[in-house]
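# Observations on the model geometry
These are the residues of each chain, in order.
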Amino acid sequence: MADSVEPRAVTVALQKGGVGKTTVAINVAERLDARGHDVLLVDLDQQGNATEGVGLEEYYEADANLGDVWDADSDVEIHDLIRHTEWMDVIPSHRDLDEVENQLRTSAYGVTRVRNYIIDPLLGDEYDYIIIDSPPSIGPLSDSALVGTEHVLVPLKMREASISGFQRMVEQQLQPLRNEGGIDVHVLALVPNILEGDGEEKRIIRDIEDSPWADRLPKFARSEQFDESPGPGLRKRVAFGRAYREGKPLAAYDPENDQLPRLDELADIVERGDVDA
């Protein structure tokens, strides 16, 4: 573990697909690792995109998965699932995670599984940061991730469907967790993602700045960046897709990419625990 680090676990989540959630999870994890931190990336999305995006797709059909770790009759332990890459350690997704999630629905303690079996045993002792790629839907796995980490990064496309997904997440997930379970999940940052430069993006960023969530926008995502090149947010870049297809983070594929400083700013936010600290 690195010196003078406050260990932190973070879920990357939005209850809407297609917002670049996995891209943010992989690349923030890599940027933290590049700073000398010990980092674990956990792929809880049943689709396994983060697993494929770091070149570990062969483990999607491995013999053991998280369901075995959570089974009291199994001798599989969490360390049995951890795989090593040159960028970070990874707990891959698995084809049976849908079945695992269904089992959590009937468990009185399903919502605490990520905390009890991943975060508490590993954070601080073995890893400085744990980054979880959450399923793009409300359910036991995403609830368990948020309860376990108590911090969330929220990628957003600057479209109404994405904003509606965030509103649903707040109303149907974050508020009930706080009101009914006493878990106040801290939104570290809203991350405008896959921006191309159009009027709708400009309008929505300004709407966020006029909302109670204005202080959750990173500096690189604010409307003042419209006067700068390349503009606000994480921009749409072909290199993101090409890096994914090669099973590596952006920095490993294109170390001069102009979006890396923005990913570094997100890593700063994870380290600080806030947008401005």
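First, a word on what this report is: a plain description of the structure on this page. Every chain's residues receive numbers from 1 upward, in the order its sequence appears when written. It should be noted that, the model being predicted, local features are given only for residues of pLDDT at least 70 and side-chain atom pairs only at 80 or more, the latter also being counted only at that level, while totals for whole chains, interfaces and linings use all residues. Heavy atoms throughout the structure, all of them, feed into the side-chain values; hydrogens and water do not.

Once that is clear, we can look at the packing of helix α6 (residues 140–149) against helix α7 (residues 160–181). A fitted line through C-alpha atoms represents every axis, and for helices the fit uses only the stretch in contact; the resulting angles, taken between N-to-C directions, go from 0 to 180 degrees. The helix count covers DSSP runs of H or I at least four residues long, the strand count covers runs of E at least two residues long, and both are numbered beginning at the N terminus. One way to put it is that α6 packs onto α7 with a least axis distance of 11 Å and a crossing angle of 50°. The orientation of α6 relative to α7 falls into the category oblique. Viewed along their axes, α6 and α7 form a crossing whose handedness is right-handed. On the side of α6, the interface is formed by S142, D143, L146 and V147, while α7 contributes Q173, L174 and L177. Grouping the constituent residues of the contact of α6 with α7 by class yields four nonpolar, two polar and one charged. When describing relative orientation, an angle under 35 degrees is termed roughly parallel and one over 145 degrees roughly antiparallel, while 65 to 115 degrees is termed roughly perpendicular and anything else oblique. Helix crossings are classified by the rotation of the near helix relative to the far one: an anticlockwise turn of less than a right angle makes the crossing left-handed, while a clockwise turn makes it right-handed. The criterion used for residue contact is that any of the two residues' heavy atoms lie within 4.5 Å. Residues are grouped as follows: nonpolar covers Ala, Val, Leu, Ile, Met, Phe, Trp, Tyr, Cys and Pro; charged covers Asp, Glu, Lys and Arg; every other residue, Gly included, is treated as polar.

Moving on, we get to the nonpolar core. Where a protein is soluble and globular, its nonpolar side chains tend to be buried together. The biggest cluster of nonpolar side chains holds 61 residues, and the ones touching the most others in it are L41, I131, L153, V154, L156 and L266. Excluding its chain neighbours within four sequence positions, the residues that come into contact with L153 are V10, T11, V12, A13, V24, V28, L188, A189, V191 and V270. As used in this record, nonpolar core signifies buried Ala, Val, Leu, Ile, Met, Phe, Trp, Tyr and Cys residues forming a set joined through side-chain atoms within 4.5 Å. The buried label applies to any residue whose accessible area, calculated with a 1.4 Å probe on protein chains only, is under 20% of its type's maximum; exposed applies above 50%, and partly exposed to all values in between. Ranked by size, the runner-up nonpolar core spans 24 residues in total, among them L40, L66, L122 and I130.

Within strand β5 (residues 129–133), five of the five residues are buried, leaving the element largely enclosed by the surrounding structure. Burial along β5 is two-sided: Y129, I131 and D133 facing one way and I130 and I132 facing the other are all buried. Strand pairing requires that DSSP identify at least two bridges connecting the strands. Judged from the five bridges that link them, strand β1 (residues 8–12) and β5 form a sheet pairing that is parallel. Bridged to V10 within β5 is I131. Pairing between strand β2 (residues 39–43) and β5: five bridges, direction parallel. When the bridges of β5 are listed, V39 appears paired with Y129.

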